[in-house]
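# Summary of structural features
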Amino acid sequence: MQTSIFLAQLIGPVLLTGAISLLVNGERQRAMAREFLESPPLIYLSGIIVMTAGLAIVLCHNVWAFDWRVLITLVGWMAMIGGAFRIVFFDAVEKIGEKMLDKPWGLTIGGVVWLVIAVVLIYFGYFA
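These numbers were taken from a predicted model, which means no experiment stands behind them.

### Overview of the overall build of the chain
Check the secondary structure of the chain and you find 6 helices and 0 strands. Reading the chain from its N end, one meets helices and strands in the order α-α-α-α-α-α. Taken over the C-alpha trace, the chain has a radius of gyration of 15 Å; the compact-globule value for 128 residues is 14 Å, and the two agree within 12%. Overall, the chain is about 40 × 30 × 20 Å in size when its C-alpha atoms are taken along their principal axes. Evaluated residue by residue, the chain yields a buried proportion of 33% over its 128 residues. When the accessible surface of the chain is summed, it comes to about 8,000 Å², and 74% of that surface belongs to carbon and sulfur atoms. The distance from the centre of the 8 positive side-chain charges to the centre of the 8 negative ones in the chain is 5 Å.

### Some words on helix α1 (residues 2-24)
Given a rise of 1.5 Å per residue, 23 residues ought to cover 33 Å, and the 33 Å separating the end C-alpha atoms of α1 matches this to within 8%. Turning to α1, its buried residues are Ser4, Leu7, Ala8, Ile11, Gly12, Leu15, Gly18, Ala19 and Leu22. Where α1 is buried, its residues touch α2 (26-37), α3 (40-60), α4 (69-88) and α6 (106-127).

### A short note on the packing of α4 against helix α5 (residues 90-101)
Put simply, α4 and α5 touch, their axes get as near as 5 Å, and they point 110 degrees apart. As summarised for this structure, α4 and α5 are arranged roughly perpendicular, according to the angle between their axes. Touching Phe85, Arg86, Ile87 and Val88 of α4 are Phe90, Ala92, Val93 and Ile96, all from α5.

### With respect to a nonpolar patch on the surface
A surface patch of nonpolar side chains, about 420 Å² in accessible area, is lined by Ile20, Leu23, Val24, Val112 and Val116. Of all elements in the fold, only α1 and α6 reach the threshold of two or more residues within the nonpolar patch. Per-element tally for the nonpolar patch: the top contributor is α1, with 3 residues. Inspection of the secondary structure puts Val24 in helix α1. The exposed category is assigned to Val24, whose relative accessible area is 61%.

Each value, and the rule that gives it
Residues numbered from 1 in each chain as written. Predicted model: local features only at pLDDT ≥ 70, side-chain atom pairs only at ≥ 80, totals over all residues. Heavy atoms only, no water. Helix = DSSP H or I, 4+ residues; strand = E, 2+ residues; numbered from the N terminus. Rg over C-alpha atoms; globule rule 2.2 N^0.38 Å. Buried < 20%, exposed > 50% of the residue type's maximum accessible area, 1.4 Å probe, protein only. Areas by Shrake-Rupley, 256 points an atom, 1.4 Å probe, with all protein chains shown as cover. Lys, Arg positive; Asp, Glu negative; His and termini not counted. Charge placed at Lys NZ, Arg CZ, Asp CG, Glu CD. Expected span 1.5 Å × (residues − 1). Contact = heavy atoms within 4.5 Å. Axes fitted to C-alpha atoms, helices over the stretch in contact; angles between N-to-C directions. Parallel < 35°, antiparallel > 145°, perpendicular 65-115°, else oblique. Patch = residues over 30% accessible without salt bridge, like charges linked within 9 Å, V, L, I, M, F, W, Y side chains within 5 Å. Salt bridge = Lys/Arg side-chain N within 4 Å of Asp/Glu carboxyl O.

Right, dumping it as structure tokens:
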């Protein structure tokens, strides 16, 4: 349980900051994402970083309990798989990313999802 609390305290504020940025700076985030997608080396490097972070989470917290702790495990697995996808299929990431950015509500939905996960993790990490 200590590992769960530590990871909730670590991941929650990062997700909260990212979510607020997506919701407050939507058009700037969209423009930045488009620039990012034009750089295969950045996609590849981000894949290395994200996969490493996800693998670290999964290795120390692969908890499949039916409670809030599964959010940490899911974040770890999604990061690991998403990072691997960026490393192996960095050309496809550009095409998929462009399609996602063309949807007007895509960033807002992503920001709200991150916000909800962040609030849950911050609550259980700092207050419960």
